[in-house]
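# Summary of the model geometry
Here is what each chain is made of, one letter per residue.
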Amino acid sequence: MRKGIHPENYRMVAFKDMSNEDVFLTRSTVNTKETLEVDGVEYPLVKLEISRTSHPFYTGKTKLIDTAGRIDKFKTKYAKFKK
């Protein structure tokens, strides 16, 4: 492996799935300004729209998650083409 190409600043980070409020901790170098307290310890927070606990491939359940209203925007935009 080449030296000097990998980051050195790994730390514990909390990742939160916003669709089902699941939180998991892992090491990461991601930069974030938000924090979250887990078991009395404060960690940097990264918000996710989908994770292994809400993705249909892993859960086996089909569930529509539309956090940004993209489906409604699409339907509105293309409603004029509907016959």
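Check the entry above for the structure.
Please read these numbers as outputs of a predicted model, since none were measured by experiment. (Residues numbered from 1 in each chain as written. Predicted model: local features only at pLDDT ≥ 70, side-chain atom pairs only at ≥ 80, totals over all residues. Heavy atoms only, no water.)

Now for the packing of aromatic side chains. Scanning all chains against the criterion turns up 2 aromatic pairs. On the numbers, 4.8 Å between centres and 45 degrees between planes, the contact of Phe 74 with Tyr 78 is tilted. Taken together, the positions of Phe 74 and Tyr 78, both in helix α2 (residues 70-78) and 4 residues apart, correspond to about one turn of that helix. (Phe/Tyr/Trp six-rings, centres within 6.5 Å; stacked < 30°, edge-to-face > 60°. Helix = DSSP H or I, 4+ residues; strand = E, 2+ residues; numbered from the N terminus.)

Applying the stated criterion across every chain, the model contains 2 salt bridges. Lys 16 is the salt-bridge partner of Glu 21, the closest N and O atoms lying 3.0 Å from each other. Taking the shortest distance from any N to any O, the salt bridge between Glu 34 and Lys 47 comes out at 3.1 Å. Here the residue Glu 34 occupies a position in the loop between β2 (23-28) and β3 (35-38), and Lys 47 occupies one in strand β4 (residues 41-48), the gap between them amounting to 13 residues. Judged by relative accessible area, which is 40%, Glu 34 ranks as partly exposed. Overall, Lys 47 belongs to the partly exposed group, its relative accessible area being 44%. (Salt bridge = Lys/Arg side-chain N within 4 Å of Asp/Glu carboxyl O. Buried < 20%, exposed > 50% of the residue type's maximum accessible area, 1.4 Å probe, protein only.)

This part is about the pairing of β3. A one-sided burial pattern is seen for β3, the buried positions being Leu 36 and Val 38 and the unburied ones Thr 35 and Glu 37. Relative to β4, β3 runs antiparallel, the two sharing 4 bridges. Looking across to β4, one finds that Leu 36 is bridged to Tyr 43. Between β3 and β4, which pair antiparallel one after the other, the connecting turn spans 2 residues, and Asp 39 there sits at a positive phi close to 55 degrees. (Pairing = 2+ DSSP bridges.)

The next thing to look at is the nonpolar core. Residues Ala 14, Leu 36, Val 38, Tyr 43 and Leu 45 constitute the largest nonpolar core, which totals 5 residues. Setting aside chain neighbours within four positions, we find Ala 14 in contact with Val 23, Phe 24, Leu 25, Leu 36, Tyr 43, Pro 44, Leu 45 and Val 46. (Core = buried A, V, L, I, M, F, W, Y, C linked by side-chain atoms within 4.5 Å. Contact = heavy atoms within 4.5 Å.)

On to the environment of Asp 17, then. Relative to the elements of secondary structure, Asp 17 occurs in strand β1 (residues 11-17). Residues Asp 17 and Val 46, 29 residues apart in the sequence, show an inter-C-alpha distance of 8.8 Å. Polar side-chain contacts of Asp 17 include one of 2.7 Å to the side chain of Ser 19. (Polar contact = N/O pair within 3.5 Å; in protein donor to acceptor, adjacent residues only side chain to side chain.)

Coordinates in, geometry out; function isn't part of it.
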